[in-house]
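Below, each chain spelled out in residue letters.
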Amino acid sequence: MASSNNAPSLGRCGGFVAQYPQDAFHLPARRTSVPEARRRVSALLHEWGAAQHVRDDVELVVSELFTNAVRHTDSEKVGCELALFGAHIRIEISDQGGPEDSAPHVQPGSVDKECGRGLFLVGALSDSWGSRPADSGRGRVVWADLPYSSLAH
């Protein structure tokens, strides 16, 4: 689905998100933090009772977005927020900006290249995704909404 810049942030939803499971963490903006982010997300989703295919998809999206934040920004740290709402899980990866600080977009022809497939995969796995300026005024938040189901379903 096409990306959008006008999705609300998790923090701006008032009392709406507070009634659903959510979590957030920050890690140093280093390549070695990507597998740590993946491990944290996997453990959290296991706690929440997410189905295996959901855990796999969310881990991949977090890995791709976290990697982009490390690679393409001058951030010292990268944030990750997850929240369940209805039949979806919202992922938000925040950075501290960089030299270009432009909105991420799928590169034409990136599907056939080894590097550059990340946002294509994010779009393929997500019901919707996009980015917006960070609330701090520096950096961006890239978000994705993925279908969620638990082991109970």
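The rules behind these values
Residues numbered from 1 in each chain as written. Predicted model: local features only at pLDDT ≥ 70, side-chain atom pairs only at ≥ 80, totals over all residues. Heavy atoms only, no water. Phe/Tyr/Trp six-rings, centres within 6.5 Å; stacked < 30°, edge-to-face > 60°. Lys NZ or Arg CZ within 6 Å of the ring centre and 35° of its normal. Helix = DSSP H or I, 4+ residues; strand = E, 2+ residues; numbered from the N terminus. Contact = heavy atoms within 4.5 Å. Expected span 1.5 Å × (residues − 1). Buried < 20%, exposed > 50% of the residue type's maximum accessible area, 1.4 Å probe, protein only. Salt bridge = Lys/Arg side-chain N within 4 Å of Asp/Glu carboxyl O.

For the protein, an unreviewed UniProt entry supplies the name ATP-binding protein and the organism Streptomyces mooreae.

**Some thoughts on the packing of aromatic side chains**
What characterises a pair of aromatic rings is the spacing of the ring centres plus the angle enclosed by the ring planes. Overall, the coordinates contain zero aromatic pairs when judged by the stated rule. Directly above the ring of F25 sits R40, whose terminal nitrogen or CZ lies 5.1 Å from the centroid.

**Some thoughts on the environment of H26**
For H26, the location among the structural elements is in strand β2 (residues 22–28). For the pair H26 and I93, spaced 67 residues apart in the sequence, the C-alpha separation amounts to 9.5 Å. The contact partners of H26, leaving out residues within four places of it in the chain, are K77, V78 and G79.

**Some thoughts on helix α2 (residues 52–72)**
For α2, with 21 residues, the first-to-last C-alpha span of 30 Å sits near the 30 Å given by 1.5 Å per residue. When we look at burial in α2, the residues that qualify are V54, R55, V58, E59, V61, V62, S63, L65, F66, N68, A69 and V70. Next to the buried residues of α2 lie β2, α1 (33–48), β3 (77–85), β4 (88–94), α3 (118–125) and β6 (140–147).

**Concerning the pattern of salt bridges**
Any two side chains of opposite charge can pair if their charged atoms end up close together. The tally for this structure, following the rule as stated, stands at five salt bridges. A salt bridge links R39 to E36; the shortest N-O distance between them is 3.2 Å. Taken together, the residues R39 and E36, both in helix α1 and three residues apart, mark about one turn of the helix. On the basis of relative accessibility, which here comes to 25%, the residue E36 falls in the partly exposed class. Ionic pairing is found between R90 and D145, a salt bridge with its closest N-O pair at 2.3 Å. A residue pair is termed long-range when its members are at least 10 positions apart, and R90 in strand β4 and D145 in strand β6 qualify at 55 residues. This pair shows no difference in class: R90 is buried, exactly as D145 is. A single salt-bridge network, built from bridges that share partners, covers R90, E92, R132 and D145.

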